[in-house]
Amino acid sequence: IVYNTITGFRVVKHRKNLENEFSSIEKNVRIGWLLFVIVFYNAYCLIAYIIGITEVFHITDIIITHIFNYSAMLFLVYAFGFYGLGQKSIYMPMATEDTPVKYKTSALSARRKKEIKDKIVQYFENEKPYLNPELNMDMLSAALKIPKYQLTEVLSTEIGKNFFRFVNSYRIEAVKKMLTNKKNRYSIEAIGYECGFSSKSSFFTVFKNFTGQTPTEYRNSL
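The written sequence of each chain sets the order in which its residues are numbered from 1. For a predicted model such as this one, the threshold for reporting local features is a pLDDT of at least 70, and the threshold for listing and counting side-chain atom pairs is 80 or more; totals across whole chains, interfaces and linings nevertheless cover every residue. Here the side-chain values reflect all heavy atoms present in the structure, with hydrogen atoms and water set aside.

Draft legend 1. How the structure looks around the pattern of salt bridges. Counted as salt bridges are all cases of a side-chain nitrogen of Lys or Arg within 4 Å of a carboxyl oxygen of Asp or Glu. Per the stated rule, a full pass over the model turns up eight salt bridges. A salt bridge links Lys148 to Asp138; the nearest nitrogen and oxygen atoms lie 3.1 Å apart. Of this pair, Lys148 sits in helix H7 (residues 148-159) while Asp138 sits in helix H6 (residues 137-144), placing them ten residues apart in sequence. Here Lys148 matches Asp138 in class, with each residue buried. For the purposes of this entry, the term helix denotes a DSSP run of H or I that reaches at least four residues, the term strand denotes a run of E that reaches at least two, and both are numbered from the N terminus. For every residue, the accessible area obtained with a 1.4 Å probe (protein chains only) is divided by the maximum for its type, and the residue is called buried under 20%, exposed over 50%, and partly exposed between those limits.

Draft legend 2. Broad picture of a nonpolar patch on the surface. A cluster of nonpolar side chains, Leu46, Tyr49, Ile50, Ile53, Val56 and Phe57, forms an exposed patch at the surface whose accessible area comes to about 670 Å². Note that Ile53 resides in helix H3 (residues 32-58). Here Ile53 falls in the partly exposed class, since its relative accessible area comes to 35%. Think of a patch as exposed residues, more than 30% relative accessible area, with no salt bridge, where like charges cluster within 9 Å and nonpolar side chains (Val, Leu, Ile, Met, Phe, Trp, Tyr) cluster within 5 Å. Using the Shrake-Rupley algorithm and a 1.4 Å probe, accessible areas are obtained, with residue cover drawn only from the displayed protein chains.

Draft legend 3. Expanded view of the nonpolar core. Throughout, nonpolar core names a set of buried Ala, Val, Leu, Ile, Met, Phe, Trp, Tyr and Cys residues whose side chains join them through atoms within 4.5 Å. In this structure, Ile120, Phe124, Leu151 and Val175 are the most contacted members of the largest nonpolar core, which totals 30 residues. Among the elements of the structure, helix H5 (110-127), H6, H7, helix H8 (163-180), helix H9 (188-194) and helix H10 (200-211) are those that each provide at least two residues to this core. The element that contributes the greatest number of residues to this core is H8, accounting for nine residues. Any two residues having at least one pair of non-hydrogen atoms within 4.5 Å are treated as being in contact. Other than its neighbours up to four places away in sequence, Ile120 contacts Leu144, Leu151, Val154, Leu155 and Phe166. Counting seven residues, the second-largest nonpolar core is a separate cluster that includes Val11, Trp33, Val37 and Leu76.

Draft legend 4. Seen up close, the environment of Cys195. With respect to the element layout, Cys195 can be found in the loop between H9 and H10. As for Cys195 and Asn132, which are separated by 63 residues in sequence, their C-alpha atoms are 8.1 Å apart. Each residue touching Cys195, except ones within four places of it in the same chain, is listed here: Tyr130, Leu131, Arg171, Ala174, Val175 and Met178.

Draft legend 5. Inspection of the packing of H5 against H7 at higher detail. Taken N-terminus to C-terminus, the directions of H5 and H7 make an angle of 95°; their axes are 10 Å apart at the nearest point. Our classification of the angle between H5 and H7 gives roughly perpendicular. Packed against H5, whose contacting residues are Arg112, Lys113, Ile116, Lys117 and Ile120, the element H7 presents Gln150, Leu151, Glu153, Val154, Leu155, Thr157, Glu158 and Ile159 at the interface. The classification used treats Ala, Val, Leu, Ile, Met, Phe, Trp, Tyr, Cys and Pro as nonpolar, Asp, Glu, Lys and Arg as charged, and all other residues, Gly among them, as polar. A breakdown of the residues in the contact of H5 with H7 according to their chemical character gives six nonpolar, two polar and five charged. For every element, the axis is a line fit to its C-alpha atoms; helices are fit only across the contacting stretch, and the angle between N-to-C directions ranges from 0 to 180 degrees. Small angles under 35 degrees read as roughly parallel and large ones over 145 as roughly antiparallel, with 65 to 115 read as roughly perpendicular and the rest as oblique.

So, in structure tokens, the structure goes:
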């Protein structure tokens, strides 16, 4: 139970850190199924303990424990088989970097931060990497040859956004530009894909989160 509880905290921490790593967050990245398995297993252990105590003091038929144990374990086998085998790699294999430190003890000078900020903005303005729905922090780090933790720090302290919000702000502006163009004959869903969104659901969710309107409402308001 202690091991699985710690694992649960690690998964929650991973989910909170996703916006610093990815520009599109899909189900396979959030690994919600793994968090569910952890919670289920802890619940299973607790119930098994209660059944065991009950059998000791009330001398009930021990077959109840066997039925419960085998049923729970069978469910876990199927869960790991169905979801685990279909789980794709989340992080790209990259060279090991130095462990990032807290921003208040950052070794980056104000001048270096500005240089990194200018590089990021220039890269996004000129190369438009946000049009790639698979864009993540590893790719940005490799393209700019700057460690991830430095990029994360500059995005947070100099630009005031995490990686997810920074990338999607460019995507949203690209979408607005296409929606404003009266000659554009793309459907709203197609515009989302053209501007770097990986799915219709993530497109609509992010657009409304940024603008307070759905893409359809925004187009109708023009």
